[in-house]
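Read off the chains here:
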2 protein chains.
Amino acid sequence: MSRPTPNARDRILTAANKLFYSEGIRAVSLDNIAEKAGITKKTVYYHFKSKDDLVEAYLVSRDQPNLTLYRKWFSEADGGLPDKVAAIFFQIAVSARHPKWKGCGFLRTAAELANMPGHPAMKVGAAHKKKFETWLTEEFQAVDLEQPEALARHIVLLLDGAFSTILVHRDADYAEAAGNAASALVLGAMQKGPVAGKPSVKSMG
Amino acid sequence: MSRPTPNARDRILTAANKLFYSEGIRAVSLDNIAEKAGITKKTVYYHFKSKDDLVEAYLVSRDQPNLTLYRKWFSEADGGLPDKVAAIFFQIAVSARHPKWKGCGFLRTAAELANMPGHPAMKVGAAHKKKFETWLTEEFQAVDLEQPEALARHIVLLLDGAFSTILVHRDADYAEAAGNAASALVLGAMQKGPVAGKPSVKSMG
DNA sequence: GCAAGTATACTCACCAGTGAATATACATCA
DNA sequence: TGATGTATATTCACTGGTGAGTATACTTGC
C-alpha cells in the first residue's frame, strides 16, 4: 500500500550504497549522498528520519543479495562438499581483485561503529552474519556431518578472516588460503563424522 | 640525542591511543585528544604534523606491545604446539570479555581507512599483521612442519576472523571456536608433515 | 483544494589546521 | 656575571569549511 515514492527513495539508497561502501560511514555526509542522488538533502530527510536510519537501510539492502550470492556460488560449484565450500572463497578472491572492492560492508560498518553497539546497523550486520552461519549449519546437517554448528562457525571465521586480511594486505590470495583451510576442515569432518557410507558426492549442480 | 620532549608528546599519544581505539579514527577530533591530554590543539600540531600522522603514530605504538603479548601467550602456554597456538585464541577470548574491548585496532583502522589504501597507517597495519604471520611461520619451521607458510596463514585468517566476528556479535565464544579450528589445523599438519619420527611433543613449557 | 514530495535557505555545532604571541631553557659573548 | 640570542614548547584566538538536521515555501498530481 502506498509505495513511499518510486524514484527518489531508490536513488537515495543506491547512492548511499555506493558511497557508504566505498568511502565508509562517517566519511560520507548526507550532502554527498543527496548530490550523488541528484536531489536535495531535505528530500533525504523526507524518506529517512536520520543518517543512522539510512545507514541501517543501506545494510538491510545488502543482506539478501549477499546471502543469495553465497548460496549461488555454493550450489553452482562442481565437486563435493569441500569444493563447494571452497568455491565461496574462490569467488571472493575473484571479487576482491576488482579495484573497487573494499571488503565486506557489514564487517567494515561494524568496525567503524564499534563504539555504538546499540546502533541499528550493528543489529542488521549481526543478523546477516548469523543467517550465513545458520545456512551453512543446515547444509552440513543435510549431509549428516557431526558437529555441523562447530564446522559452520569455523568456516565463518575463515570467511570473515579472509575479508579482513585481504583488506589489510590488498592481497586476494588470502581468500584462496582461507578456502584451502576451509575445505580441509570440511574434509576432516567428513572423514570422521559424515554419512560415512557414501564417498562424498551428494549435491550436484 | 635531543629527546623531542618528555611529557606532552607521550600524553598526546596516550590520549590518542585510548580515543582512537575506543571511538574510531574519524569519530575522534584533535580537539578531543588535546582535551584528554590536557593541552592545546596547537601543541598537538607541534608534535605531529597532521591528524594522519598521529593516526600512524597510534598504530606504531601498538605494534610491538601486541606482538610481544602474542609471543608471551604462546610461549607460556602448557602443552604441545596445537595447545600453544590455541592459547593465543583463548587469551583473546579473555580480553574480549572486558567491556572496553573493541576488537583489533589495526583491523578496525584498516576497515575505516579502506578508501585510503596509501594512508601511512595502512602500511603500519599491514606490516604489523605480516610480522605476526612471519613469526608464526618461523615457529612452525622450527619444529619442521611441512608448509609452514600455509599453516601460518591459516592461523592468521582464523585470528583476524575471530577479531571480526566477536566484534559483530559481541560474543567472545567465537575466539574459542577459532582456537579449536586452529589447533585442529596444526594437529593435521603435524600428523602428516612434522618430524614424523617423534610422536608430537617437541616444544614444551 | 489538499497531501505528498521536493527545493531554498538556514542554524548551530564541530573540525582540521593556522597566525601571532609567549614562556622556558640553554647557549654565547662581553 | 650578566645581557642577548636562539631553539624548543606551549597557549589563545581564529579561519574556512563542513556536518546533521530544520523552517518554510513551492509544486504537482489527484
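Residues numbered from 1 in each chain as written. Chains lettered and ligands numbered in written order. Predicted model: local features only at pLDDT ≥ 70, side-chain atom pairs only at ≥ 80, totals over all residues. Heavy atoms only, no water.

Caption draft 1: Quick look at the layout of surface pockets. In this structure, the largest pocket occupies an estimated 890 Å³ of space. In terms of lining residues, the largest pocket is bounded by 30 residues, among which Ala184 and Leu185 of chain A together with Ala184, Leu185 and Gly188 of chain B are the most central. Examining the composition of the lining of the largest pocket, we find that 10 residues originate from one element, helix α9 (residues 173-192) of chain B, more than from any other. Partitioning the lining of the largest pocket into residue classes produces 14 nonpolar, 12 polar and four charged. (1 Å grid on protein atoms, 1.4 Å probe; cavity = no way out; pocket = protein on both sides within 12 Å on 5 of 7 lines; lining within 4 Å. Points joined across faces, edges and corners; volume = space filled by probe spheres on them. Helix = DSSP H or I, 4+ residues; strand = E, 2+ residues; numbered from the N terminus. Nonpolar A, V, L, I, M, F, W, Y, C, P; charged D, E, K, R; others polar.)

Caption draft 2: View of the interface of chain B and chain A. At the interface, 42 residues of chain B touch 41 residues of chain A. Where chain B abuts chain A, roughly 3300 Å² becomes buried across the two surfaces, and 68% of that area is made up of carbon and sulfur atoms. When the area that chain B buries against chain A is broken down by residue, the three leading residues are Leu157, Val168 and Tyr174 of chain B, summing to 18%. Linking chain B with chain A are zero salt bridges. Those elements giving two or more residues to the side of chain B that touches chain A turn out to be α1 (7-23), α6 (105-112), α7 (120-142), α8 (148-169) and α9 of chain B. Take the side of chain B that touches chain A: its biggest share by element is 13 residues, from α8 of chain B. (Contact = heavy atoms within 4.5 Å. Buried area = accessible area lost by both parts, 1.4 Å probe. Salt bridge = Lys/Arg side-chain N within 4 Å of Asp/Glu carboxyl O.)

Caption draft 3: Layout of the nonpolar core. Judged by nonpolar contacts, the single largest core of 143 residues is most densely connected at Ile33, Leu54 and Phe140 of chain A together with Ile33, Leu54 and Phe140 of chain B. If we ignore the near neighbours within four places in the chain, the residues touching Ile33 of chain A are Ile12, Ala15, Ala16, Leu19, Phe20, Val28 and Leu54 of chain A. (Core = buried A, V, L, I, M, F, W, Y, C linked by side-chain atoms within 4.5 Å. Buried < 20%, exposed > 50% of the residue type's maximum accessible area, 1.4 Å probe, protein only.)

Caption draft 4: Here's a closer look at the pattern of salt bridges. According to the stated counting rule, one finds 14 salt bridges over all chains in the structure shown. One salt bridge connects Arg97 of chain A with Asp173 of chain A, and the closest N-O pair in it is separated by 3.0 Å. Separated by 76 residues along the polypeptide, Arg97 of chain A in the loop between α5 (81-96) and α6 (105-112) and Asp173 of chain A in helix α9 (residues 173-192) bring together distant segments of the chain. With a relative accessible area of 46%, Arg97 of chain A lands in the partly exposed category. A salt bridge links Lys72 of chain B to Glu76 of chain B; the nearest nitrogen and oxygen atoms lie 3.5 Å apart. Pair noted here: Lys72 of chain B and Glu76 of chain B are both in helix α4 (residues 51-76), with a separation of four residues, about one helical turn. What emerges from the salt-bridge pattern is a single network uniting Arg97, Asp173 and Glu176 of chain A.

Caption draft 5: Region of the structure containing the relation of the copies chain B and chain A. Taken as rigid bodies, chain B and chain A are interconverted by a rotation of 180° and an axial shift of 0.0 Å, the fit giving an RMSD of 0.0 Å. Seen this way, the second copy is the image of the first under a two-fold rotation axis. Of the C-alpha atoms belonging to chain B, the one lying closest to the rotation axis is found on Gly161 of chain B, 1.7 Å away. Most of the interface of chain B is mirrored in chain A, where 98% of its interface residues again form contacts. (Least-squares fit on C-alpha atoms with pLDDT ≥ 70 in both.)

Caption draft 6: Representation of α1 of chain B within the structure. All names here are of chain B. The terminal C-alpha atoms of α1 lie 24 Å apart, and with 17 residues this matches the ideal 24 Å at 1.5 Å per residue to within 8%. Looking at α1, one finds that the buried residues are Ala8, Ile12, Leu13, Ala15, Ala16, Asn17, Leu19, Phe20, Tyr21 and Ser22. Looking at the packing, one finds that the buried side of α1 touches α2 (30-37), α3 (41-47), α4 and α6. Looking one or two places after α1, you find Gly24, whose phi comes out positive at around 105°. (Expected span 1.5 Å × (residues − 1).)

Caption draft 7: Examining the domain arrangement of chain A more closely. Residues and elements named next belong to chain A. Looking at chain A, the domain boundaries give domain 1 (1-48) and domain 2 (62-192). Averaged C-alpha coordinates put domain 1 and domain 2 at centres separated by 29 Å. Every contact between the two is made by nine residues of domain 1 and, on the other side, 12 residues of domain 2. Each partner contributes to the roughly 830 Å² buried at the junction of domain 1 and domain 2, and carbon and sulfur atoms together form 40% of this total. Our count for the domain 1 to domain 2 interface comes out at zero salt bridges. Where domain 1 meets domain 2, there are eight residue pairs in polar contact (both at pLDDT 80 or more). A breakdown of the residues in the side of domain 1 that touches domain 2 according to their chemical character gives four nonpolar, three polar and two charged. (Domains from an automatic or database assignment. Polar contact = N/O pair within 3.5 Å; in protein donor to acceptor, adjacent residues only side chain to side chain.)

Caption draft 8: Spotlight on empty space enclosed by the protein. Following the criterion strictly, the structure yields seven cavities of 30 Å³ or more and no others. Taken as a whole, the largest cavity spans an internal volume of roughly 170 Å³. Lining the largest cavity are 19 residues; nearest its centre among them are Ala111 and Ser164 of chain A together with Leu107, Ala111 and Ser164 of chain B. Contributing elements (two or more residues each) for the lining of the largest cavity: α6 and α8 (148-169) of chain A together with α6 and α8 of chain B. In terms of residue class, the lining of the largest cavity is made up of 14 nonpolar, three polar and two charged.

Caption draft 9: Molecular detail of unusual backbone geometry. Despite not being glycine, Arg170 of chain A shows a phi value in the positive range, around 55°. Structurally, Arg170 of chain A can be placed in the loop between α8 and α9.

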